[in-house]
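Listed here are the chains, written in short residue letters.
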Amino acid sequence: MKMPETDEGVIAKRSSLVGRFRKFLSEESVINDHDELKVYETDGLTAYHQLPMIVVLPDTTAQVAKILKICTSEGVKVVPRGAGTGLSGGALPLADGVTVGLAKFNRILDIDYGNRTATVQTGVTNLAITQAVEAKGFYYAPDPSSQIACTIGGNVAENSGGVHCLKYGVTTNNILGLEMVLIDGEIIRLGGKHMESAGYDLLGLIAGSEGLLGVITEVTVRILPRPASARALLVGFSTVEAGGKCVVEIISAGVIPSGMEMMDKAAIHAAEDYSDAGYPLDVEALLIVELDGPKAEVDHLLQRVEEIATSCGAVNIRASKNEGERLKFWAGRKAAFPAIGRISPDYYCMDGTIPRGRLTEVLARVTDLSDKYNLRVANVFHAGDGNLHPLILYDANKPDELERAEKFGADILKLCVEVGGVLTGEHGVGVEKRDLMGTMFNEQDLNQQQRVKCAFDTEGLLNPGKVFPTLHRCAELGRMHIHHGRVPFPELPRF
């Protein structure tokens with residue numbers, strides 16, 4: 001990645017910053033050794049990499065504030081980083097920037113069962129929240145497949161979902177408050193334990209902001225009591241089209257499952273080989289439909305879904321008999337991504353969202369694109385809310401396969417927009433979809449979004465190069481008739 005300064009300038013700035021940071025951070029919390037920096041050179045979008053100039057590992061909000069004040073005074077860019085599990089390159093470092101790692105923010109600060117809230121530091125993993133409250137019969141609803149590793153701060157930044165987001169919502173529907181440090185070092189609090197806040201919905205603005213507006217250090221989440229009963233159905237179909245039709249019919253009938261996932265044949269076989277979840281192997285598509293609530297309600301809805309599935313041509317229906325079997329059904333789905341890693345040297349995980357009614361059409365066209373680019377694809381997705389996760393299989397060691405995979409993925413995302421959907425469901429834009437933003441937004445739309453960023457980050461120091469395909473100076477954005485001064489971002493560094 002081309003740097004705006006000479007190498008000598010970066011070296012001098014690095015030395016100066018290291019000295020200033022070590023005045024209040026321990027030596028091991030300021031990383032500038034080449035080999036140690038390589039740990040941070042990429043996130044879950046491993047096709048791209050870049051060594052950061054410096055990595056700092058604060059463990060208090062006050063330290064984060066000091067770091068951002070120093071960076072602002074020096075005009076140095078900042079990239080916030082959680083666990084690095086993001087799949088859109090949102091935590092890709094900058095060669096002339098400071099990466100702020102938040103792994104040490106790993107404490108659960110308060111659990112308030114009366115208000116049904118938990119307040120945790122930003123580096124606490126998603127699953128750890130549920131583990132902290134499950135003994136009292138509670139849990140945290142959003143459950144990304146990476147929940148064992150991804151952190152709540154990253155979940156807020158990307159507005160993550162999960163297999164149960166159909167009924168219980170994504171991250172923005174399950175957070176009540178947060179603490180955040182602005183680029184100038186000011187510490188602010190938004191929301192709290194209360195259910196409603198006066199004024200603008202700034203929490204909604206921060207959720208999904210991808211580190212462009214501030215560095216989150218603490219989050220208050222909503223915890224829910226475990227439902228009295230939960231059962232899951234495995235429903236197999238002889239065609240993907242029949243499975244897609246069943247998804248639409250279930251929702252149209254007024255049934256809202258707690259989760260409804262779909263996998264095609266390639267994903268079914270990979271997941272079953274990996275996890276032994278009990279999936280049928282003689283079907284082209286598999287639905288996992290979970291119902292929860294009072295036992296009588298679950299039993300009734302289970303029967304209703306079975307009737308709908310049968311009318312849609314289901315060739316295999318199996319209901320979980322106990323909690324262990326229900327969890328086993330889900331274990332296969334949540335292991336789908338690593339399972340695909342066993343059958344392909346590399347895979348490119350896409351993330352787009354479409355109207356449910358266009359599901360069958362889109363899957364057919366994805367198959368056509370697979371033939372066009374001569375690359376296999378396995379489809380795994382949150383069928384209930386139309387969030388697709390096609391996994392494009394490729395081998396980065398073979399000439400042009402990565403490039404073909406990227407073009408294939410871009411065509412999938414363009415297709416999502418074409419049928420009335422959006423570029424992302426839960427993985428964010430980052431650098432992966434940055435240059436596709438123009439397919440969904442016109443220049444005025446993008447300018448207005450950048451004005452919001454300018455309100456928080458006048459100099460554009462927070463996570464620059466992400467989300468927006470072109471960069472405007474804030475002063476120019478203030479004059480709505482001026483559209484010059486755009487600076488295209490450089491080519492992304494690849495492995």
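Preceding this paragraph is the structure being described.
A short tour of the structure in this document, coming up. The residue numbers shown here count from 1 along each chain, following its written sequence. Residue-level local features of this predicted model are given only where pLDDT is at least 70; pairs of side-chain atoms are given and counted only at 80 or more, and the full residue set underlies all totals for whole chains, interfaces and linings. Side-chain descriptors were evaluated using all non-hydrogen atoms of the structure, hydrogens and water having been removed beforehand.

Regarding the overall build of the chain
Our working rule: Where helices and strands are cited, they refer to DSSP runs of H or I of at least four residues and of E of at least two residues respectively, numbered from the N terminus. For the radius of gyration, the atoms used are the C-alpha atoms, and the globule rule reads 2.2 Å times the number of residues raised to 0.38. Accessible area is worked out with a 1.4 Å probe on protein chains only. A residue is then buried under 20% of its type maximum, exposed over 50%, and partly exposed in between. Areas reported here follow the Shrake-Rupley algorithm with a probe of radius 1.4 Å; residue values treat only the protein chains shown as occluding. Residues scored as charged are limited to Lys and Arg (positive) and Asp and Glu (negative), so that His and the chain ends carry no count. For charged residues, the charge sits on one atom: NZ in Lys, CZ in Arg, CG in Asp, CD in Glu.
Within the chain, the secondary structure is distributed over 16 helices and 21 strands. The C-alpha radius of gyration computed for the chain amounts to 23 Å, which stays within 12% of the reference 23 Å derived for 495 residues, consistent with globular compactness. For the chain, the proportion of its 495 residues judged to be buried stands at 55%. Just so you have it, the chain exposes about 20300 Å², and 52% of that area is on carbon and sulfur atoms. Each charge class in the chain can be summarised by its mean position, and for the 50 positive and 64 negative side chains these summaries are 2 Å apart.

As for the packing of helix α1 (residues 7-21) against helix α3 (residues 61-74)
This is how the line gets drawn: Note on geometry: axes are lines fitted to C-alpha atoms, helical ones only across the stretch in contact, with angles between N-to-C directions running from 0 to 180 degrees. The labels follow the angle: roughly parallel below 35 degrees, roughly antiparallel above 145, roughly perpendicular from 65 to 115, and oblique for the rest. Crossing handedness follows the turn of the near helix against the far one: under a right angle anticlockwise gives a left-handed crossing, and clockwise gives a right-handed one. Here, residues are in contact when the closest pair of their heavy atoms is within 4.5 Å. Any residue outside Ala, Val, Leu, Ile, Met, Phe, Trp, Tyr, Cys, Pro, Asp, Glu, Lys and Arg is labelled polar, Gly included; the first ten of those are nonpolar and the last four are charged.
At a closest axis distance of 11 Å, the pairing of α1 and α3 adopts a crossing angle of 150°. The angle between α1 and α3 falls in the class roughly antiparallel. The element α1 and its partner α3 pack so that their crossing is right-handed. Residues K13, L17, R20 and F21 of α1 form the contact with α3, whose participating residues are I67, I70, C71, S73 and E74. Each residue belonging to the contact of α1 with α3 can be placed in one class, and the counts come to 5 nonpolar, 1 polar and 3 charged.

Looking at the sheet that holds strand β8 (residues 175-181)
This is how the line gets drawn: Only strands joined by at least two bridges in the DSSP assignment are considered to pair.
Overall, antiparallel pairing links the 5 strands, which are arranged β5-β6-β10-β8-β9 in an open sheet. Looking along the sheet, the strands with just one partner apiece sit at the ends: β5 (108-112) and β9 (187-191). If you compare each strand with its neighbour and ignore which way they point, the axes differ by 10° on average. Two strands pair when backbone bridges link them, and strand β6 (residues 117-121) and strand β10 (residues 215-222) are joined in this way by 5 bridges, in the antiparallel orientation. Looking at the pairing, V120 lines up with V219 of β10. Packing against the sheet, α3 makes contact with β8, β9 and β10, and its axis sits at approximately 50° to β8.

Structural notes on the pairing of strand β19 (residues 387-394)
When a strand is regular, its side chains alternate between the sheet's two faces. Burial runs high along β19: 8 of the 8 residues are buried. Alternating positions in β19 separate into two faces, N387, H389, L391 and L393 on one and L388, P390, I392 and Y394 on the other, with burial throughout. As defined by bridge partners, strand β17 (residues 352-353) adjoins β19 across 2 bridges and the pair is classed as antiparallel. Residue pairing across strands places G352 opposite L388, the latter belonging to β19. Direction of pairing for strand β18 (residues 377-382) relative to β19: antiparallel, over a ladder of 6 bridges. Looking across to β19, one finds that A378 is bridged to L391. The hairpin turn running from β18 into β19, its antiparallel successor, is 4 residues long, and G386 in that turn takes a positive phi close to 75°.

Some points on helix α13 (residues 359-373)
Put simply, the rule reads: By this rule, a helix spans an expected 1.5 Å times one less than how many residues it contains. Directions pointing from the helix axis toward each C-beta atom define the arc.
Between its terminal C-alpha atoms α13 stretches 21 Å, which fits the 21 Å expected from 15 residues at 1.5 Å a residue. Every buried residue belonging to α13 is among L359, V362, L363, V366, L369, S370 and Y373, and all of these are buried. Summarising the axial view, the buried residues of α13 lie within an arc of 110°, below the 170-degree limit, and thus occupy one face. For α13, the exposed residues set more than 90 degrees away from the buried face come down to D371 and K372. Its buried side turned inward, α13 meets α8 (240-252), β13 (259-264), β18, β19 and α14 (401-418). Positioned one or two residues after α13, N374 has a phi angle of 55°, which is positive.

Comments concerning the environment of G293
For G293, the position within the fold is in strand β14 (residues 285-293). Look at G293 and you get buried, because its relative accessible area is 12%.

Examining the sheet that holds strand β3 (residues 77-81)
Strand order across the open sheet formed by 4 strands is β1-β2-β4-β3, with mixed pairing between neighbours. Of all strands in the sheet, those bounded by a partner on one side alone are β1 (30-31) and β3. Strands in contact with α1 are β1, β2 (54-56) and β4 (97-101); relative to β2, the strand with the most contacts, it is inclined by about 15°.

Some details on the environment of P355
Locating P355 in the fold gives a position in the loop between β17 and α13. Taking the relative accessible area as the measure of exposure, P355 reaches 31% and is therefore partly exposed. Taking the C-alpha atoms as reference points, P355 and G384, separated by 29 residues in sequence, lie 9.8 Å from one another. Residues in contact with P355, not counting those within four places in the same chain, are V419, G420 and G421.

Some thoughts on the nonpolar core
Definition in use: Residues grouped as a nonpolar core are buried Ala, Val, Leu, Ile, Met, Phe, Trp, Tyr and Cys residues, joined through side-chain atoms within 4.5 Å.
Among the nonpolar cores identified, the biggest contains 88 residues, and V221, F237, L287, I392 and F408 are the most heavily contacted of them. Sort the elements by how many residues they give to this core and α14 lands first, with 9 residues. Every residue in contact with I392, bar those within four places of it in the chain, is listed here: D346, Y347, Y348, M350, L375, R376, V377, A405, F408, G409 and I412. Core analysis: the second largest hydrophobic core is formed by 27 residues, F24, L25, V100 and I183 among them.

Section: a nonpolar patch on the surface
As a reminder of what qualifies: Note on patches: the residues involved have over 30% relative accessible area and no salt bridge, like charges join within 9 Å, and the nonpolar side chains Val, Leu, Ile, Met, Phe, Trp and Tyr join within 5 Å. Any Lys or Arg side-chain nitrogen located within 4 Å of an Asp or Glu carboxyl oxygen qualifies as a salt bridge.
A cluster of nonpolar side chains, namely Y200, L202, L205 and V452, defines an oily patch on the protein surface of about 390 Å² accessible area. Topologically, V452 is positioned in helix α15 (residues 443-456). Overall, V452 belongs to the partly exposed group, its relative accessible area being 31%.

Focus: the state of the cysteines
Formally: Two cysteine sulfur atoms make up a disulfide if the distance between them is within 2.5 Å.
One pass over the structure, following the stated rule, counts 1 disulfide. Between the sulfur atoms of C454 and its disulfide mate C474 the distance is 2.1 Å. With the S-S bond torsion at -90°, the cross-link from C454 to C474 turns out left-handed. Of the two residues, C454 is situated in helix α15 and C474 in helix α16 (residues 474-477); the sequence distance between them amounts to 20 residues. With respect to burial, C454 and C474 carry one shared label: buried. This cysteine, C165, is not joined by any disulfide, and C150 carries the nearest cysteine sulfur, 13 Å off. By relative accessible area, C165 is classed as buried at 8%. Residue C349 stays outside any disulfide, its sulfur separated by 12 Å from that of C416, the closest cysteine.

Worth remembering: the numbers are spatial, not functional.
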